[in-house]
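Residue-level listing of the chains:
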Amino acid sequence: MPHSHPTNTSLWELHLMGIPGLQHLHHWISIPFCIMYLVTLAGNSFLLCLIKADPSLHLPMFLFLSMLAVIDLVMSTSITPKMLSIFWFHSTAISLDACLTQMYFVHAFSAMESGVLVAMAFDRYVAICNPLRYLSILSSPVVAAIGLAILLRAVVFMSPLTFQIRRLPLCGPAVVDHSYCEHMAMLKVACGNAAFSNTYSLSVSTCVVSFDSLLIALSYSLILRAVLSLSSPQSCWKAVSTCGCHVCVMLLYYVPGTVSIYAQQFGSGVSVHARVLLADLYLTLPTMLNPIVYSMRTKQIRQAALKML
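Reading guide: rules and limits
Residues numbered from 1 in each chain as written. Predicted model: local features only at pLDDT ≥ 70, side-chain atom pairs only at ≥ 80, totals over all residues. Heavy atoms only, no water. UniProt positions renumbered as here; feature names shortened; annotations may be inferred. Helix = DSSP H or I, 4+ residues; strand = E, 2+ residues; numbered from the N terminus. 1 Å grid on protein atoms, 1.4 Å probe; cavity = no way out; pocket = protein on both sides within 12 Å on 5 of 7 lines; lining within 4 Å. Points joined across faces, edges and corners; volume = space filled by probe spheres on them. Nonpolar A, V, L, I, M, F, W, Y, C, P; charged D, E, K, R; others polar. Salt bridge = Lys/Arg side-chain N within 4 Å of Asp/Glu carboxyl O. Buried < 20%, exposed > 50% of the residue type's maximum accessible area, 1.4 Å probe, protein only. Axes fitted to C-alpha atoms, helices over the stretch in contact; angles between N-to-C directions. Parallel < 35°, antiparallel > 145°, perpendicular 65-115°, else oblique. Contact = heavy atoms within 4.5 Å. Phe/Tyr/Trp six-rings, centres within 6.5 Å; stacked < 30°, edge-to-face > 60°. Expected span 1.5 Å × (residues − 1). Arc of directions from axis to C-beta.

1. Considerations on the UniProt feature "transmembrane region" (unreviewed entry) in the protein
Here is step 1: The sites that UniProt annotates as "transmembrane region" (unreviewed entry) are residues 25-50, 62-84, 104-122, 134-156, 202-224, 236-256 and 276-294.
Here is step 2: Along residues 104-122 one finds 100% helix and 0% strand; the C-alpha atoms at either end are 27 Å apart.
Here is step 3: As annotated, residues 276-294 has a helix share of 100% and a strand share of 0%, and its two end C-alpha atoms lie 28 Å apart.

Structure below.
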């Protein structure tokens, strides 16, 4: 596996290291990642087919869940096949354009996933606090508009990351100490002034996570206030349980994601292989667990799955 290349002012091919320092364990490390990817493909694809086939699932909640499943499929597929080719065949080479495309997909779809989680929190707020107006508030045009807004926000915020890397001169060694083309790892290959790109990346990540977390917290505080006003404990528990799977998915996304972002930025005391493994798990583990969590905790999905099977 190459570790150094001649210094160039313009590089058209890069080399991904996989898990730096753990190359001798790549074949073993590949096993859980391969299993997670197969479960991700099967789980999210089955969920999409289920929602499409069952008319009882044609509700805003499940339309947002469909968006989440599509995002998980694209994000996982954008990194895992290349990661496995590194682990299995030492296929480290990747063209600069392919690397930038992968980087864009990773960051843009991460922002989309955060936006969908906000939309799902709003959906739960409407369902619990305004149940009689649920379908009128979250009509099909409104759901489509929310999906378009999520897409446009990701494109507007994340496109500059790719353009900033593209305009920077990249020079050798053409080695990216990562399993995929992550923005901070790419900046280490740049020999120009990358301070603005670094600041922009951290600022956008912090703003997206903070703003979306604030909106989700606001939704759940309003839900909690409405639930506590219910006189029946059974009704209170039923209302809370409808939010349980969304809370689990939210924690799966934001907790490791936040730790990974700041470990990449400020984790000089954390080993490189630990940071890379954390970043890999942040993108692969939630995409596998999301359909499992929703299938186990959502009664309508369980019933629809049993009916289909």
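2. A few points about empty space enclosed by the protein
Here is step 1: Taken as a whole and assessed by the stated rule, the structure comprises 2 cavities of 30 Å³ or more.
Here is step 2: Estimated volume of the largest cavity: approximately 370 Å³.
Here is step 3: If you trace the largest cavity, you find 25 residues lining it, with His107, Ser110, Ser205, Ile261 and Tyr282 closest to the centre.
Here is step 4: For the lining of the largest cavity, the elements supplying multiple residues, two or more each, are helix H3 (96-129), helix H5 (140-167), helix H7 (195-228), helix H8 (233-266) and helix H9 (272-297).
Here is step 5: Sorting elements by how many residues they give to the lining of the largest cavity places H8 first, with 8 residues.
Here is step 6: Each residue belonging to the lining of the largest cavity can be placed in one class, and the counts come to 14 nonpolar, 10 polar and 1 charged.

3. Quick look at the pattern of salt bridges
Here is step 1: Going through the model one piece at a time under the given rule, you end up with 4 salt bridges.
Here is step 2: A salt bridge links aspartate 54 to lysine 307; the shortest N-O distance between them is 3.5 Å. Of the two residues, aspartate 54 sits in the loop between helix H1 (26-53) and helix H2 (60-89) while lysine 307 sits in helix H10 (residues 299-308), which places them 253 residues apart along the sequence.
Here is step 3: Owing to a relative accessible area of 6%, aspartate 54 belongs among the buried residues under this scheme.
Here is step 4: Here aspartate 97 ties to arginine 166 by a salt bridge, and the two come within 3.4 Å at their closest N and O atoms. A residue pair is termed long-range when its members are at least 10 positions apart, and aspartate 97 in helix H3 and arginine 166 in helix H5 qualify at 69 residues.

4. Notes on the packing of H1 against H10
Here is step 1: Two numbers describe how H1 lies on H10: the axes approach to 10 Å, and their chain directions differ by 85°. As the angle between them shows, H1 and H10 are arranged roughly perpendicular. Contact with H1, carried on its side by Phe46, Leu47, Cys49, Leu50 and Ala53, involves Ile301, Ala304, Ala305 and Met308 of H10 and no other residues of that element.

5. A word on the packing of aromatic side chains
Here is step 1: Applying the stated criterion across every chain yields a total of 8 aromatic pairs.
Here is step 2: Their ring planes at 15° and their centres at 5.5 Å tell us that phenylalanine 105 and phenylalanine 109 sit as a pair that is stacked. Residue phenylalanine 105 and its partner phenylalanine 109 are located together in helix H3, separated by 4 residues, close to a single helical turn.
Here is step 3: With a relative accessible area of 31%, phenylalanine 105 lands in the partly exposed category.
Here is step 4: Its relative accessible area of 14% is what places phenylalanine 109 among the buried residues.
Here is step 5: Three or more aromatic residues joined by ring pairs form one cluster here, namely Tyr104, Phe105 and Phe109.

6. What about H3?
Here is step 1: Between its terminal C-alpha atoms H3 stretches 49 Å, which fits the 50 Å expected from 34 residues at 1.5 Å a residue.
Here is step 2: Among the 34 residues in H3, 25 count as buried, and that is most of the element.

7. Points about H10
Here is step 1: Looking only at H10, the buried set comprises Ile301, Ala304 and Ala305. One side of H10 holds all its buried residues, which, seen down the axis, span an arc of 100°. Opposite the buried face of H10, by more than 90 degrees, sit the exposed residues Lys299, Leu306 and Lys307.
Here is step 2: Contact partners of the buried residues in H10: H1, H2 and H9.

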